[in-house]
Amino acid sequence: MSKIKIVNLQKSFGDFTAVKNSNLTINDKEFFVLLGPSGCGKTTTLRMIAGLELPTSGKIYLGEEEVGMLRASERDIAFVFQLFALYPHMNVRNNLSFPLKMQGYKKSDIKTRVREAAELLRIDHFLDSNISSLSSGDRQRVALGRALVRRPKAFLMDEPLGTLDAEFRELMCLELKKLHIDIGATTVYVTHDQLEAMSLEAMSLADRIAVMDGGQILQADEPNVIYNKPKTKFVASFIGSPGMNFIDINEGISNEQSTINIEDANFNIPKQFETSKSNKNFFGIRPENLSLTNEGGLKGSVFGVEYLGSRKIITVKTNIGEIKVKADISINIKLNENVQIKPANDSIIIFDGETDKSLKSEFMK
């Protein structure tokens, strides 16, 4: 397996730039997730790494080799597509063995590799079955197996679980993680669904995540850092369900400031190490870092209540907009009830109103 590195990577289609000057290193044996909305450039980035698209400029390294202008067949990379890309006229065994036959492997080696991949993916009991007779989950296993038999330097997966139902997708997430550990592969996994990624895929699979938007990589880090310490408003809003609450501050923020007064409520803020460039800033806070209090908080009334297992999402209507609070299911709350909201002291993030970037602070070290 190999490290993957992209340097100043850019891809343009006419006047449209799909990927803008991207830099990223994916470590050897790492499970790396590319996350972002549709059209953000993540699939184009993946296709350039695979060799299915050639970059307009920049470099791509697989290990120590620069492969940016090599054909896909010369890169020793396996690509798993969302829609399986299996041969319907072949049975499972022949689908698995096909890439090895095309590369001229001996029959004995093909037989061994197919058997090993089938046992690892638990599809050895239907090797002689037709593809058309299989469920979506089993077809996905076959697609993974066809990539696995090649033993490539890296696996690239473009939303491979997107067509599966929620229950089976969760099961396949665990299977992918186990497979990744067993074979020690360098894996790059693309998904656009932030809820799916944070609750099922990225949080359970990823060693690190990169969030993309508008063709740019906005932040790349471990999942808990991406979630708790986002570097931009977009990352903060895109990750999590519900997303981060944002509250406008119609004033500048000084390094010495320790509190912010909003609607007669004082909010403690972490010590700032960076001065904002704007006089209209805002702070962000996750719903689970807010609580309901009897006094001293931001006043509002309950607008809605959603039940999520052991937790509930309470939407509070205030003079500065709707704010969501994630609370324990045992809290007794009624619609239109007057409440007050108070944040945890170490969880407020100040964002610069001009750049939308989070300011360095005691909490955002």
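Before reading on, note that the structure itself is shown above.
Draft legend 1. Examining the packing of helix α2 (residues 92-102) against helix α4 (residues 136-148) more closely. For the pair α2 and α4, the least separation of the axes is 7 Å and the interaxial angle reads 30°. Considered as vectors, α2 and α4 are oriented roughly parallel to each other. Handedness of the α2/α4 crossing: right-handed. Of α4, the residues touching α2 (which contributes Val-92, Asn-95, Leu-96 and Pro-99) are Val-142, Gly-145 and Arg-146. Residue composition of the contact of α2 with α4, by class: four nonpolar, two polar and one charged.

Draft legend 2. Local environment of the sheet that holds strand β9 (residues 208-213). In space, the six strands of this open sheet follow the order β6-β7-β8-β3-β9-β10, with mixed pairing throughout. Two strands close off the open sheet at either side, each with one partner strand: β6 (77-80) and β10 (216-221). The average angle at which neighbouring strand axes cross in this sheet is 20°, direction not considered. Relative to strand β8 (residues 186-191), strand β7 (residues 154-158) runs parallel, the two sharing five bridges. The residue of β8 that forms the bridge with Ala-154 is Thr-186. Docked against the sheet, helix α1 (residues 42-50) engages β3 (31-35), β6, β7, β8 and β9, running at close to 150° with respect to β7.

Draft legend 3. Up close: the pattern of salt bridges. All chains considered together, the criterion is met by eight salt bridges. With a closest N to O distance of 3.2 Å, Asp-128 and Arg-93 form a salt bridge. Of this pair, Asp-128 sits in the loop between α3 (107-121) and α4 while Arg-93 is found in helix α2, placing the two residues 35 residues apart along the sequence. Since its relative accessible area comes to 54%, Asp-128 is described here as exposed. The exposure class assigned to Arg-93 is partly exposed, which follows from its relative accessible area of 35%. Glu-306 is the salt-bridge partner of Lys-324, the closest N and O atoms lying 3.9 Å from each other. Taken as a pair, Lys-324 in strand β18 (residues 321-328) and Glu-306 in strand β16 (residues 298-308) lie far apart in primary sequence, 18 residues in all. On the basis of relative accessible area, Glu-306 is assigned to the partly exposed category, the value being 42%.

Draft legend 4. Molecular detail of the pairing of β16. Pairing between β16 and strand β19 (residues 338-343): four bridges, direction antiparallel. Across the sheet, the residue bridging to Gly-300 is Val-339, located in β19. A loop of two residues connects β16 with strand β17 (residues 311-318), the two strands running antiparallel in sequence, and Gly-309 in this loop sits at a positive phi of about 65°.

Draft legend 5. Molecular detail of the packing of aromatic side chains. Applying the stated criterion across every chain yields a total of seven aromatic pairs. An angle of 15° between the planes, with centres 5.4 Å apart, marks the rings of Phe-234 and Phe-238 as stacked. Highlighted residues: Phe-234 and Phe-238, both in helix α8 (residues 233-238), separated by four residues, approximately one helical turn. Classification of Phe-238 as buried rests on a relative accessible area of 9%. Consider the rings of Phe-246 and Phe-351, whose centres lie 5.8 Å apart with planes at 75°: the pair is edge-to-face.

Draft legend 6. Representation of the nonpolar core. Counting residues in each nonpolar core, the largest one holds 40 residues, and the members touching the most others are Val-92, Ile-123, Val-142 and Ile-239. Beyond its immediate sequence surroundings of up to four residues, Val-142 is in contact with Leu-86, Val-92, Asn-95, Leu-96, Ile-123, Phe-126, Ile-131 and Leu-134. Counting 25 residues, the second-largest nonpolar core is a separate cluster that includes Ala-18, Phe-32, Leu-34 and Leu-156.

Draft legend 7. Layout of α2. Within α2, burial applies to Val-92, Asn-95, Leu-96, Ser-97, Pro-99 and Leu-100. Looking at the buried positions of α2, the neighbouring elements they touch are α3 and α4. The N-terminus of α2 is capped by Asn-91, whose side-chain oxygen sits 3.3 Å from the backbone nitrogen of Arg-93. Within two residues after α2, Gly-104 carries a phi angle of roughly 80°, on the positive side.

Draft legend 8. Structural detail: the environment of Glu-65. You can see Glu-65 is positioned in strand β5 (residues 65-66). Distance in space between the C-alpha atoms of Glu-65 and Ile-4 is 9.6 Å, their sequence separation being 61 residues. If sequence neighbours within four positions are ignored, Glu-65 has contacts with Ile-60, Leu-70 and Lys-153.

Draft legend 9. Representation of unusual backbone geometry within the structure. Of the consecutive residues Ser-241 and Pro-242, the connecting peptide bond is found in the cis state with omega at -5°. Inspection of the secondary structure puts Pro-242 in the loop between α8 and β11 (245-249). Here Asp-76, not a glycine, exhibits a phi torsion of approximately 55°, which is positive. For Asp-76, the location among the structural elements is in the loop between β5 and β6. Since its relative accessible area comes to 30%, Asp-76 is described here as partly exposed. Here the phi dihedral of Glu-263 falls at roughly 50°; this positive angle occurs in a residue that is not glycine. Structurally, the position occupied by Glu-263 is in the loop between β12 (259-262) and β13 (265-268).

Parameters and conventions
Residues numbered from 1 in each chain as written. Predicted model: local features only at pLDDT ≥ 70, side-chain atom pairs only at ≥ 80, totals over all residues. Heavy atoms only, no water. Axes fitted to C-alpha atoms, helices over the stretch in contact; angles between N-to-C directions. Helix = DSSP H or I, 4+ residues; strand = E, 2+ residues; numbered from the N terminus. Parallel < 35°, antiparallel > 145°, perpendicular 65-115°, else oblique. Left-handed = near helix turned anticlockwise from the far one by under 90°. Contact = heavy atoms within 4.5 Å. Nonpolar A, V, L, I, M, F, W, Y, C, P; charged D, E, K, R; others polar. Pairing = 2+ DSSP bridges. Salt bridge = Lys/Arg side-chain N within 4 Å of Asp/Glu carboxyl O. Buried < 20%, exposed > 50% of the residue type's maximum accessible area, 1.4 Å probe, protein only. Phe/Tyr/Trp six-rings, centres within 6.5 Å; stacked < 30°, edge-to-face > 60°. Core = buried A, V, L, I, M, F, W, Y, C linked by side-chain atoms within 4.5 Å. Polar contact = N/O pair within 3.5 Å; in protein donor to acceptor, adjacent residues only side chain to side chain.

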